[in-house]
Amino acid sequence: MFTSTNPARQSDVVTTIPASSTEEMVAALAAAKLAQKEWAALPAPARGRIIANVGRLVEKNKEALSKLVTREMGKVYREALGEVQEVIDTCDFFLGEGRRLYGQTVPSEMKNKNLFTFRMPVGNVFIITAGNFPAAVPSWYIVPALLAGNTVVWKPSEFTPAVAHALTSLFHAGGVPTDVLKTVVAEGPDTFAALEEGLKRGYINKVGFTGSTAVGRKIGAKAGEYIQSACLELGGKNPMVVMPDANLDLALEGALFAGFGTAGQRCTSLGTLWLHESIHDEFLSRYIALVENAKVGDPMEDVLFGPMISEKYLANHLEHLKMIQPHHKVSGSTATGRITKASPRKNFVGDPDQGVFAHPVIVSGITKNDELYRTETFGPLVTVGKFSTLDEAIELSNGHGYGLSSAIYTSNPESVWRFREGISAGMVSINNSTSGAEAHLPFGGNGMSGNGSRQSGIWVLDQFTRWQSMNWDWSNKLQKAQMDLIEIKHDPKFMLNIK
Ligand code: NAD
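Just so it is clear, the structure is predicted and the values come from calculations on it, not from any experiment.

A. Layout of helix α2 (residues 44-60). Compared with an ideal rise of 1.5 Å per residue, which puts 17 residues at 24 Å, α2 spans 24 Å between its outermost C-alpha atoms and is within 8% of the ideal. Turning to α2, its buried residues number three or more, namely A44, R47, G48, I50, I51, A52, V54, G55 and V58. The inward-facing, buried residues of α2 abut α1 (22-41), α3 (62-73), α4 (77-97), α5 (136-147) and α6 (161-173).

In structure tokens, the structure reads:
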């Protein structure tokens, strides 16, 4: 049984849902696999109309779903509204793709022969997602996968089963058959056992995983054993570089939102703020003042951030606090760790003892030898370091091996281009925060942040379709490629004779 509670008011039970056993998950995978051929036979424009229905239904239910997102996982309500809007935007983008899903006509090297390509669905997809974006990130998988003619079994985070249930019911109400999208709720180890069994029995043709790098590594390896490439969307340690010529007010606003929005629990949250030595002290003291004075608390109110997703995420945050070294300086609040009446926070909105709230923490004096430099902290903790040249900033930004999001604040175009070229992250923001994505631009990371797959826009179709090529020879003879060459008369020794 999973009981999800409101992390801002733990006495508020959001839902109680039975856990799916490994056998039940394998049965769900088998049923979805069986339903896939019929779903793929529905013309893509008709599937697009179903996605359109889902988009309109999510729009009609936007407030209710957003409130549920806030209640179950704790992000502030205006962020939850943005998250649900992203589901709508994703549906709006892909409903049109139902009328495109283009293949190509390709010229043949032989006469009386035509070449074509078609996008084919991969089959049945097992999708496993994290709790920090319980609606938007799953929709990045589910919408294009369904549109392309695949069936889906979705295993959401065990911390957000109510949002998963609500979103699934909107898909079904929009016309997606129940065997075409099945949702199961389970713990990690049972999910892994179902993944292995589903791969073994041939019920899974594609795996989509969003979560930590440690789990992604295991899932990618397991998929690889069955000659599959999983779509892996993993953690980040996202750098923000502030150059001396930056608009500092803008950079401060970006660093505040990127560092502490969603209590730092975004894959694109600011990891380390790299400040040029000439502005380091001024910027840091202004940043500290902003964070010290920010409102934290009830996510339905106007606060910078609300609670952690659950006790588990607070416990992880407390572990990360242990990585702080004597050479670091800690600031940002009246204390570190859990906010309680006994360990209060200035400007707290609500009753901290009712929820899972953490003090924001700024750790300055970070160096590349520190554990905090290379650890994704996934909580309200921002590390700050100093650099003297752009090359050094780029090296520091790449040195930990993650490569999801990155940002530079500068007014110098040369710095923009050098940063873009040098940074290994899949996403680069110029004079903008590391977090925030548009639903039609490729989203994804490199290195420890992902295996190169991209979500969103047309690019995600490469995850959920495979190219089938067709050649049609209507010459009524066996023409052999590379052997039956058309002879071309030419004069290879020709030179112009101009005086
Ligand atoms: P997590 O890896 O603990 O869990 C993610 C999902 O995997 C959950 O549904 C969980 O139940 C399941 N899971 C856990 N162990 C498993 C196993 N052994 N086999 C199969 N499934 C298993 O991550 P989390 O705490 O839910 O989310 C936080 C992480 O997700 C952070 O690292 C964050 O950066 C990352 N994230 C990445 C993106 C992205 O798009 N790159 C987006 C959101 C979150």
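B. Broad picture of the site of the ligand. Taken together, 28 residues lie around the ligand, and T129, E158, S212, Y313 and E376 are the ones closest in. Here L234 contributes a backbone N or O atom positioned 2.8 Å from a nitrogen atom of the ligand. Within the side chain of Y313, a nitrogen or oxygen atom sits 2.7 Å from an oxygen atom of the ligand. Burial of the ligand by the surrounding chains reaches 92%, relative to a free accessible area of 850 Å².

C. Here's a closer look at the nonpolar core. L146, F171, V242, F260, L273, F283 and Y287 are the most contacted members of the largest nonpolar core, which has 93 residues in total. A per-element tally of this core places α5 first, with nine residues. In contact with F171, other than residues within four places in its own chain, are V54, I142, V143, L146, V176 and L181. Grouped together as the second largest cluster of nonpolar side chains are 21 residues, M25, V26, F209 and I219 included.

D. Expanded view of the pairing of strand β18 (residues 405-409). Most of β18 sits out of view: five of its five residues are buried. Burial along β18 is two-sided: S405, A407 and Y409 facing one way and S406 and I408 facing the other are all buried. As paired elements, strand β10 (residues 238-242) and β18 share three bridges and run parallel to each other. Bridging across to β18, M240 finds its partner in A407. Direction of pairing for β18 relative to strand β19 (residues 427-430): parallel, over a ladder of four bridges. Along β19, the bridge assignment pairs S406 with V428. Handedness of the β18-helix α13 (residues 413-422)-β19 crossover: right-handed.

Criteria and cut-off values
Residues numbered from 1 in each chain as written. Predicted model: local features only at pLDDT ≥ 70, side-chain atom pairs only at ≥ 80, totals over all residues. Heavy atoms only, no water. Helix = DSSP H or I, 4+ residues; strand = E, 2+ residues; numbered from the N terminus. Expected span 1.5 Å × (residues − 1). Buried < 20%, exposed > 50% of the residue type's maximum accessible area, 1.4 Å probe, protein only. Contact = heavy atoms within 4.5 Å. Near = heavy atom within 4 Å. Polar contact = N/O pair within 3.5 Å; in protein donor to acceptor, adjacent residues only side chain to side chain. Areas by Shrake-Rupley, 256 points an atom, 1.4 Å probe, with all protein chains shown as cover. Core = buried A, V, L, I, M, F, W, Y, C linked by side-chain atoms within 4.5 Å. Pairing = 2+ DSSP bridges. Right-handed = clockwise from strand over helix to strand, strands pointing away.

Purely spatial values, then, with no claim about function.
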